[in-house]
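Examining the three-dimensional arrangement
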Amino acid sequence: MLVLCVEQPSWLRLSRLPFLVCPQGHGLRPAQRPPQPLLAPLLVPPPPPVPPIPPSVQLTTSGSLALSRAGSANALTLTANGNITQTGPITVAGVTAINAGNGAITLNNGGNDFRGAVNLTNTGANNIAIADVNALTLSGVNMTATAAGSLSLISNGAITQTGAINTGTNETNVDAGNGAIALENAGNNFRGITNLYNTGDNNIAVQTAGALALNGLSMTPTGLGGLSLTTNGAITQIGSIF
């Protein structure tokens, strides 16, 4: 800004000019502005990068395996010769293969999300238990036919299969929540007593290559779900069917 000093009286219309009137004899001079402090640029560090989910995870051990948490964008393979357990949820976008050798498989955390087909294998009198927050698809279950291992499948969506299920001689529990149960592979063999549960207008369909003994079967009484049981042997029951 400039400061204009003129003799009085002035004929200038100073109100229209960006000048100031100062005492006689000072002439024109620029307006003095106080020095401005220099501001350092504000540097904001970028957010830390999000670590990518690995495309596949493969873990092998000669003993037991305990997972605190696991995730994979493609495939998960767990191989052990002892119990396979978890303390946190597992999320897998692709296929999952789990082999506990002579150990139990206990992956029944309610937050699990197996989005691809799951294959479960063990030997001996060891149980298999798996849970899924959504639907569950099995590409195969293989247990020792003459050993007293039990099988538990729990989901909150349809339980289906693309490969055969061969259980041990102990109890099988299948609970699909508000989803259908479609275990109709001709190669299935449910060797122990079997429990089947779901709710809503959802069907239950089970097939086995041998006999089928039902310990319990529960569906929503007011729902429109149908029931189909196919065997190559006797169908018997120990508990109620409703």
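Conventions adopted
Residues numbered from 1 in each chain as written. Predicted model: local features only at pLDDT ≥ 70, side-chain atom pairs only at ≥ 80, totals over all residues. Heavy atoms only, no water. Helix = DSSP H or I, 4+ residues; strand = E, 2+ residues; numbered from the N terminus. Buried < 20%, exposed > 50% of the residue type's maximum accessible area, 1.4 Å probe, protein only. Contact = heavy atoms within 4.5 Å. Areas by Shrake-Rupley, 256 points an atom, 1.4 Å probe, with all protein chains shown as cover. Pairing = 2+ DSSP bridges. pLDDT = per-residue confidence, 0-100. Polar contact = N/O pair within 3.5 Å; in protein donor to acceptor, adjacent residues only side chain to side chain.

1. Comments concerning the overall build of the protein
- The helix and strand tally for the protein stands at zero helices and 24 strands.
- For the protein, with 242 residues in total, the buried portion stands at 39%.
- Contacts in the protein between residues at least 24 apart in sequence constitute 15% of all its contacts with a sequence separation of at least 6.
- A total accessible area of about 13,100 Å² is found for the protein, and carbon and sulfur atoms account for 57% of it.

2. Side note on the pairing of strand β20 (residues 193–197)
- In this sheet, β20 lies alongside strand β18 (residues 172–175) in parallel orientation, the contact comprising four bridges. In the sheet register, T172 faces β20, and the bridge partner there is T194.

3. Remarks on the sheet that holds strand β5 (residues 70–72)
- Spatial ordering of the open sheet is given by β5-β8-β11, a layout of three strands whose pairing is parallel. With one partner strand each, in any of the chains shown, β5 and β11 (113–114) form the two edges of the open sheet.
- Sheet analysis places strand β8 (residues 90–92) next to β11, joined by two bridges and oriented parallel. When the sheet's bridge partners are listed, V92 is paired in β11 with F114.

4. Describing the confidence of the model for the protein
- On average, the protein scores 87 in pLDDT, and the residues at 70 or more come to 80%.
- Low pLDDT, under 50, characterises residues 1–21; the predicted model gives this stretch 35 contacts beyond four residues in sequence or across chains.

5. Considerations on the side chain of S152
- For S152, the position within the fold is in strand β15 (residues 151–154).
- Residue classification places S152 among the buried positions, given a relative accessible area of 18%.
- Apart from the residues within four sequence positions on either side, S152 is in contact with I128, A129, I130 and N173.

6. Here we look at the environment of A117
- Examined against the element boundaries, A117 turns out to sit in the loop between β11 and β12 (118–121).
- On a C-alpha basis, the gap between A117 and Q161 in space is 8.0 Å, while along the polypeptide they are 44 residues apart.
- Once residues lying within four places of it in the same chain are set aside, the contact partners of A117 are G94, V95, T96, T137, S139 and T162.

7. Focus: the environment of A145
- Looking at the secondary structure, you find A145 in the loop between β14 (136–142) and β15.
- Measuring from C-alpha to C-alpha, the distance between A145 and G124 comes to 8.8 Å, with 21 residues separating the pair along the chain.
- Setting aside its immediate chain neighbours within four residues, A145 contacts T167, G168, T169 and R191.

8. A look at the side chain of Q161
- For Q161, the position within the fold is in strand β16 (residues 159–161).
- With relative accessibility at 14%, the residue Q161 sits in the buried group.
- Reaching out from Q161, the side chain makes a polar contact with the backbone oxygen of G163 at a distance of 2.7 Å.
- A distance of 3.1 Å separates a polar atom in the side chain of Q161 from the backbone nitrogen of N185.

9. What to know about the environment of R115
- Take R115: it is sitting in the loop between β11 and β12.
- Beyond its immediate sequence surroundings of up to four residues, R115 is in contact with T91, V92, A93 and G94.
- A polar contact is formed between the side chain of R115 and the side chain of D113, at a distance of 3.0 Å.

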